[in-house]
Amino acid sequence: MIYRTHLCGTLSEADCGQEIKIAGWVDVRRDLGGVIFIELRDHSGKVQLVSDPLTTSPEIHQSFESLKPEFCLSVTGLVQKRPTGTQNQDLRTGAVEIVAQSVTILNSSAPLPLPLKQFGEADESFRLANRCLDLRRPEQQKVFRLRHEIAQTVREFLTQDGHLEIETPYLTRSTPEGARDYLVPSRVQAGHFFALPQSPQLFKQMLMASGFPRYFQIVRCFRDEDLRADRQPEFTQIDIEQSFCGAEEVMSTTETLLQRVFALVGRELKTPFPRLSYQQAISRYGCDKPDTRFGLELCDFTELMDSCRFEAFSKVVSEGGVVKGICVPSFAEKSRKEFDELRDLVCTPEYGAKGLAWISYKEQENLGVSPIAKFFTKEELALIKEIASAETGSALFFVADKPNRVNHVLSKLRLHLGNQLGLIDPHKDSLLWVTDWPLVEKNEESGELTFLHHPFTAIKDSDRALLDSKPEQATALAYDVVYNGVELGGGSIRNHRLADQLKALELIGVSEAEAREKFGFLLDALSFGAPPHGGIALGLDRLVMLLAGASSLREVIAFPKVQSSTCPLTQAPASVHEDQLAELSIRLRPASN
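Since the structure is predicted, the reported quantities are computational estimates derived from the model, not experimental observations.

The rules behind each value
As a convention, each chain's residues are numbered from 1 in the sequence order in which they are written. Totals for whole chains, interfaces and linings use all residues, but because this is a predicted model, local features are given only for residues with pLDDT of at least 70 and pairs of side-chain atoms are given and counted only at 80 or more. Only hydrogens and water are set aside; all other atoms, that is, all heavy atoms of the structure, feed into the side-chain values. Every patch collects residues that have over 30% relative accessible area and no salt bridge, joining them within 9 Å if they carry like charges and within 5 Å if they are nonpolar side chains (Val, Leu, Ile, Met, Phe, Trp, Tyr). The Shrake-Rupley method, run with a 1.4 Å probe, gives the accessible areas here. Residue values count only the displayed protein chains as cover. The salt bridge definition used is simple: a Lys or Arg side-chain nitrogen within 4 Å of an Asp or Glu carboxyl oxygen. Working definition: helices are DSSP H or I runs of at least four residues, strands are E runs of at least two. Numbering for both runs from the N terminus. Note on pairing: DSSP must find at least two bridges between two strands before they are called paired. The contact criterion used throughout is that any non-hydrogen atoms of two residues lie within 4.5 Å. Angles shown run from 0 to 180 degrees and are taken between the N-to-C directions of axes, each axis being a line fitted to C-alpha atoms and, for helices, limited to the stretch in contact. Every helix has an expected span of 1.5 Å times one less than the residues it contains. Buried residues are those whose accessible area, probed at 1.4 Å on protein chains only, stays under 20% of the maximum for their type, while exposed residues exceed 50% and partly exposed ones sit between those limits.

**Q** Explanation requested: a nonpolar patch on the surface in the structure shown.
**A** A cluster of nonpolar side chains, contributed by Met1, Tyr3 and Leu106, occupies part of the molecular surface with about 320 Å² of accessible area. Relative to the assigned elements, Tyr3 resides in the segment before β1 (19-32).

Structural data, given as structure tokens:
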């Protein structure tokens, strides 16, 4: 059976006089004194159907009377121009209508839990539990068409650029890559488990060792982590790896790819993207993914505060802490209540500050008004104003603590103020690279070393001598691409020599014996003449979210999980029958309190 010859949203005056067949869902039904109008919707748009009891057969008109929202129909009819004055300028097909000649109800619909047009304002848990209906909305259909177009553009560009799309396993071995693994019990090998991959990192490196020149994959990854707006337990990344390359080649490929993707939504990107070193990003913005669409850069007062009389600052500096601040234009005239609200904000657990000091510059040639001004000499106040480049009308806010805490607090405060004061241009695109990452950092609590990217990242050749004495000072060949303050992806040049990889693992306390137990297959691959190689992984879900203007990843994933790592639609995860557990040689023990 042929259900349609045309799509609803494609009809125009050029089709007038034609007998056509369309199919879709009843979007709106209006009964105007006997004449019934139906707006029929499919993925392409809507078109109006009309049934007039004076000219339409009684059977068809009776069918129109029985229709309800979301009934699924196939309709044959004649396309005609709408009468003068009845055209709908807001509808792409608003100049025409279809006079129904036959109607087939393909499926009826149960009463909707909520009118489809109200789903957008409904609670997210309700929408996700009724996801089938939610995804029928044109707004949602548009998002997933964009997702498809982005994926196809990625495939087309990378294929033309010499990359081969190669699949890697979903059932693999648990390896230490930074997050918890999802484990899958093996029935055949009782007591043993597969792990779902956190990323294809090891496999794509092995593909380079296998002699493939360039690889890519739009791949599902799995991490058993606590969720938030930009994180899901299963997500999709654009995975890229190249052999015989340096960082410049990978970054250039990424820039051109993103140019193609952004062009889909009418945005032009200029290349090469600006670059900041990791240290520059931390120093100026307090974070490694800075939003550079606005100013409010951080000022460092640590050296000045070392010998000042304000003990809350000088004591922190003497204990290895820092004092930094943000100078905010046009804030001096704000009320004391607004100053106090900022202090209360940064002292919340989300920020974690112990306090917020401030100086207000209300008058020209003034050295500042503040509860802490009495602790500083005129010379010190003048130097503070000079360091901050403070102008009349501005206010300067200080935080003193350990470096990581200060940077975290001021980075969040900077973004809060940027949004609150309307300093961020929502139509501006700011892409940049953050480069020259430290290879490792020392945990402030435990003193243990951890990799800022992952343990397969290579270092600059000039820093090799630092690995034995000062590994925290070694610079990794790593790079992140950042868009408007959001990390789109990260990558690095890898350790392609076995000795370098074993040395890297040794830094975090992994012996050669343990390394061979965990991923000996990769070490073997590196030992057989693996070429220099590197790559990057871009978050597809995050990219779609940003380009679609969505507020969370859940908006751009067809069937997402919520914060409790559950699926409201399928009610997964769920318990399974004891027989299934027995087949897997698994016995559950009572959950501990």
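What follows picks up the thread again.
**Q** So what exactly am I meant to see when it comes to the sheet that holds strand β20 (residues 486-493) here?
**A** Backbone hydrogen bonds are what pair the strands of a sheet, in a parallel or an antiparallel way. The eight strands are arranged β6-β9-β10-β21-β20-β19-β16-β11 in an open sheet whose pairing can be described as mixed. Bordering the open sheet on either side are β6 (164-165) and β11 (275-277), each of which pairs with just one other strand. Here β11 runs beside strand β16 (residues 431-435); their pairing, made up of three bridges, is parallel. Note on β16: the bridge partner recorded for Arg275 is Trp433. Along the sheet, helix α4 (residues 138-160) contacts β6, β9 (214-222) and β10 (234-243); its crossing angle with β9, the most-contacted strand, is approximately 150°.

**Q** Would you explain helix α6 (residues 247-263) in this entry?
**A** In an α-helix, one full turn covers 3.6 residues, which means residues spaced three or four apart are oriented alike. Given a rise of 1.5 Å per residue, 17 residues ought to cover 24 Å, and the 24 Å separating the end C-alpha atoms of α6 matches this to within 8%. For α6, the complete set of buried residues consists of Val250, Met251, Thr253, Thr254, Glu255, Leu257, Leu258, Val261 and Phe262.

**Q** Whenever I open this one, the sheet that holds strand β5 (residues 96-107) confuses me. Can you help?
**A** Spatially, five strands are ordered β1-β2-β3-β5-β4 in a closed barrel, and the strand pairing comes out mixed. The average angle at which neighbouring strand axes cross in this sheet is 55°, direction not considered. Both strand β2 (residues 35-42) and strand β3 (residues 45-51) contribute to a ladder of seven bridges, which runs antiparallel. Looking across to β3, one finds that Asp42 is bridged to Gly45. Those strands touched by helix α1 (residues 58-66) are β1, β2, β3 and β5, and its axis lies near 70° from that of β5.

**Q** Help me out: how do you make sense of α4 in this one?
**A** Counted at 1.5 Å a residue, the expected span for α4 with its 23 residues is 33 Å, and the 33 Å between its end C-alpha atoms agrees. Among the residues making up α4, those that are buried are Gln140, Val143, Leu146, Arg147, Ile150, Ala151, Thr153, Val154, Phe157 and Leu158. Along its buried surface, α4 packs onto α2 (124-129), α3 (131-134), β9, β10, α6 and α16 (540-548). Phi for Gly162, located one or two positions after α4, is positive at around 90°.

**Q** Sorry, what's going on with the environment of Arg180 here?
**A** The residue Arg180 is located in the loop between β6 and β7 (183-185) in this model. Exposure remark for Arg180: the relative accessible area of 58% places this residue in the exposed category. Sequence-distant contacts of Arg180, that is, excluding residues within four places in its chain, are made with Gln198, Arg223 and Asp224.

**Q** How should I be thinking about the pattern of salt bridges in this particular structure?
**A** Two side chains that carry opposite charge are able to pair once their charged atoms sit near each other. Within the structure shown, the criterion is met by 42 salt bridges. A salt bridge links Arg136 to Glu70; the nearest nitrogen and oxygen atoms lie 2.7 Å apart. Here Arg136, found in the loop between α3 and α4, pairs with Glu70, found in the loop between α1 and β4 (72-81); they are 66 residues apart in sequence, far enough to count as distant. Taking relative accessible area as the criterion, Arg136 reaches 22% and is therefore assigned partly exposed.

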